[in-house]
Amino acid sequence: MKLPIYLDNAATTPLSREVLEVMMPYMTESFGNPSSTYSVGRTTRLAVETARKTVAKHLSVKPSSVFFTSGGTESNNMAILSAIRDMGCTGIITSPIEHHAVLHTVQYYSRQHDILLDMVSLTKDGCIDYNDLEQKLMRQKNLGKKSLVSLMYANNEIGSLLDLPIVERLCRQYDAVFHSDCVQSVGHYPVDLSTSYVHYISASGHKFHGPKGVGILYVSPSAKAGPLIHGGSQERNMRAGTENVYGIVGFAAALDIAMRSYEEDSRYIGGLKAYMRELLEKRLPGVRFNGPIQGLYTVLSVCFPKGAASESLLLYLDQTGICVSGGSACSSGNGGGSHVIEALGDRMGCTTVRFSFSKFNTKEEIEHTVDVLHSALCP
Ligand code: PLP
């Protein structure tokens with residue numbers, strides 16, 4: 001067995017060799033600044049614009065709707081700022097299980113701009129309560145607010161998925177602006193935005209075997225957006241700074257590969273998740289799972305019964321060469337645990353471990369991990 005066993009693919013994925021090969025020329029001989037007008041610059045300009053076309057094709061949108069950024073965090077910040085500053089949103093509705101790149105940003109702007117911030121309720125398994133979303137939209141409208149709804153498509157900790165048609169229908173009905181953090185779904189599912197109501201989506205390259213430090217913000221033709229970072233006129237004045245050419249080229253290549261092999265990869269990865277769930281249920285009595293059964297196929301969030309040696313379990317896994325993420329409810333409120341697990345309620349005292357898979361994992365790795373868990377928890 002090759003160690004370490006990497007089961008933390010929702011945190012980041014290894015760069016694929018194929019993607020690296022596409023990126024390499026732009027780290028070496030094709031080094032020109034895309035803003036330069038001579039041929040060395042024109043080569044990299046062409047590479048950036050070709051990458052934009054590839055990404056746009058995979059989202060079924062126009063290339064002019066795609067802006068390259070430094071990743072999911074920046075794209076989320078840019079979407080939220082644009083909704084407030086350029087679309088006139090004065091109310092925000094989001095959920096307590098969003099990534100901090102959304103939660104901390106909406107908290108910041110709601111303090112700065114006197115914006116009404118509402119948190120939508122969740123169902124028991126961590127999905128959005130759509131009746132409550134409608135109530136919140138109605139309340140904000142009655143108060144004369146223009147709402148921004150910011151809800152992620154796939155949750156990075158528990159894998160719950162958003163029902164897009166319902167959210168789109170509600171946002172349309174209440175004339176709300178809709179942003180979706182799609183960092184865990186772009187590159188993992190086909191995305192067709194051609195008839196979508198969504199105004200902004202965010203994505204990040206390192207979640208699907210692309211490079212770190214590059215992402216996109218999609219801005220629909222009906223939305224307005226402006227820069228978060230000021231300076232030069234790159235990205236049609238939307239994102240100043242010399243383009244991360246090899247990152248951008250790598251993002252497009254990784255997305256292309258991911259979509260080419262989507263059917264096969266998603267079936268394989270979903271199979272690994274189901275296998276691990278089955279083995280855990282068989283061998284570790286009392287385990288529970290966070291999030292819905294039919295969730296994101298890359299993520300399995302496991303709640304080991306009260307009494308399982310909490311942090312020491314993660315340490316033990318690390319020492320035996322298994323990389324996973326922890327997450328326990330944050331009882332102190334000082335940020336020491338997972339806000340997502342805390343939002344689910346009734347998980348206090350249980351040890352949560354998130355296992356997340358990629359096409360590079362194997363059944364043998366899953367079996368070994370379950371053996372290690374068994375020896376730690378059922379000595
Ligand atoms: N949103 C979600 C759902 C994520 O999982 C992450 C990364 O962990 C981010 C946003 C932040 O993306 P990035 O690391 O590209 O800034």
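Higher on the page you've got the structure.
The structure reproduced in this document is the subject of the present report. (Residues numbered from 1 in each chain as written. Predicted model: local features only at pLDDT ≥ 70, side-chain atom pairs only at ≥ 80, totals over all residues. Heavy atoms only, no water.)

Details of the pattern of salt bridges
In a structure, side chains of opposite charge can pair up when their charged atoms sit close to one another.
Reasoning step 1: Overall, the coordinates contain 15 salt bridges when judged by the stated rule.
Reasoning step 2: Where Glu74 meets Arg239, a salt bridge forms, and the shortest distance between an N and an O atom there is 2.7 Å. One end of the pair, Glu74, is in helix α3 (residues 72-85); the other, Arg239, is in the loop between α7 (234-237) and α8 (245-260), with 165 residues separating them in the sequence. Comparing Glu74 with Arg239 shows no difference in burial state: the two are buried.
Reasoning step 3: Notably, a salt bridge pairs Arg139 with Asp118, separated by 3.0 Å at the nearest N-O pair. Residue Arg139 is found in helix α5 (residues 130-142), and its partner Asp118 is found in strand β4 (residues 116-119); the two are separated by 21 residues along the sequence.
Reasoning step 4: By relative accessible area, which is 8% here, Asp118 ends up buried. (Salt bridge = Lys/Arg side-chain N within 4 Å of Asp/Glu carboxyl O. Helix = DSSP H or I, 4+ residues; strand = E, 2+ residues; numbered from the N terminus. Buried < 20%, exposed > 50% of the residue type's maximum accessible area, 1.4 Å probe, protein only.)

A short note on the nonpolar core
Reasoning step 1: Grouped together as the largest cluster of nonpolar side chains are 87 residues, with contacts concentrated most on Leu133, Val149, Leu280, Phe304 and Phe355.
Reasoning step 2: For this core, the element with the most residues is α8, which contributes ten residues.
Reasoning step 3: Discounting chain neighbours no more than four positions away, the residues touching Phe304 are Leu280, Leu284, Val287, Leu313, Cys350, Thr351, Val353, Phe355, Leu373 and Leu377.
Reasoning step 4: Within the second largest apolar cluster, 21 residues are counted, among which are Leu81, Val102, Leu148 and Leu217. (Core = buried A, V, L, I, M, F, W, Y, C linked by side-chain atoms within 4.5 Å. Contact = heavy atoms within 4.5 Å.)

Observations regarding the sheet that holds strand β6 (residues 177-181)
Reasoning step 1: Read from one edge to the other, the open sheet built from seven strands follows the order β2-β8-β7-β6-β5-β3-β4, with strand pairing classed as mixed. At either end of the open sheet lies a strand with only one pairing partner, and these are β2 (66-69) and β4. Taking the axes of each pair of neighbouring strands and ignoring which way they run, one obtains an average angle of 20 degrees across the sheet.
Reasoning step 2: Note: strand β3 (residues 91-94) against β4, four bridges, orientation parallel. In the strand pairing of β4, Ile93 is matched with Asp118.
Reasoning step 3: α3 contacts β2, β3, β5 (147-150), β6, β7 (200-204) and β8 (215-219) of the sheet and is inclined by roughly 165 degrees relative to β7. (Pairing = 2+ DSSP bridges. Axes fitted to C-alpha atoms, helices over the stretch in contact; angles between N-to-C directions.)

Here we look at the side chain of Thr298
Reasoning step 1: With respect to the helices and strands, Thr298 occurs in the loop between β9 (288-290) and β10 (299-304).
Reasoning step 2: When residues no more than four places from it in sequence are discounted, the contact partners of Thr298 are His188, Ile269, Phe355, Ser356 and Phe357.

Points about helix α12 (residues 363-377)
Reasoning step 1: When the terminal C-alpha atoms of α12 are compared, their 21 Å separation across 15 residues agrees well with the 21 Å that a helix rising 1.5 Å per residue should span.
Reasoning step 2: Residues Glu365, Ile366, Thr369, Val370, Val372 and Leu373 constitute the buried set of α12. Here the buried residues of α12 occupy an arc of 160 degrees about the axis, which is enough to place them on one side. (Expected span 1.5 Å × (residues − 1). Arc of directions from axis to C-beta.)

Points about the site of the ligand
Reasoning step 1: Among the 13 residues in the neighbourhood of the ligand, the closest are listed as Gly72, Thr73, Asp181, Ser204 and Lys207.
Reasoning step 2: About the coverage of the ligand: the protein hides 85% of its 390 Å² of free accessible area.
Reasoning step 3: Considering every element that reaches the shell around the ligand, the biggest residue donor is α3, with three residues.
Reasoning step 4: Tallied by class, residues from the shell around the ligand come to two nonpolar, nine polar and two charged. (Near = heavy atom within 4 Å. Areas by Shrake-Rupley, 256 points an atom, 1.4 Å probe, with all protein chains shown as cover. Nonpolar A, V, L, I, M, F, W, Y, C, P; charged D, E, K, R; others polar.)

What about the sheet that holds strand β13 (residues 351-356)?
Reasoning step 1: Sheet architecture is open: four strands sit in the order β9-β10-β13-β12, paired in antiparallel fashion. Edge strands, defined here as strands with exactly one partner in the open sheet, are β9 and β12 (325-326).
Reasoning step 2: Alignment of β9 against β10, held across three bridges, turns out to be antiparallel. Pairing of Phe289 across the sheet is with Val302, part of β10.
Reasoning step 3: Against the sheet, helix α9 (residues 262-283) engages β9, β10 and β13, with an angle of about 15 degrees to β10.

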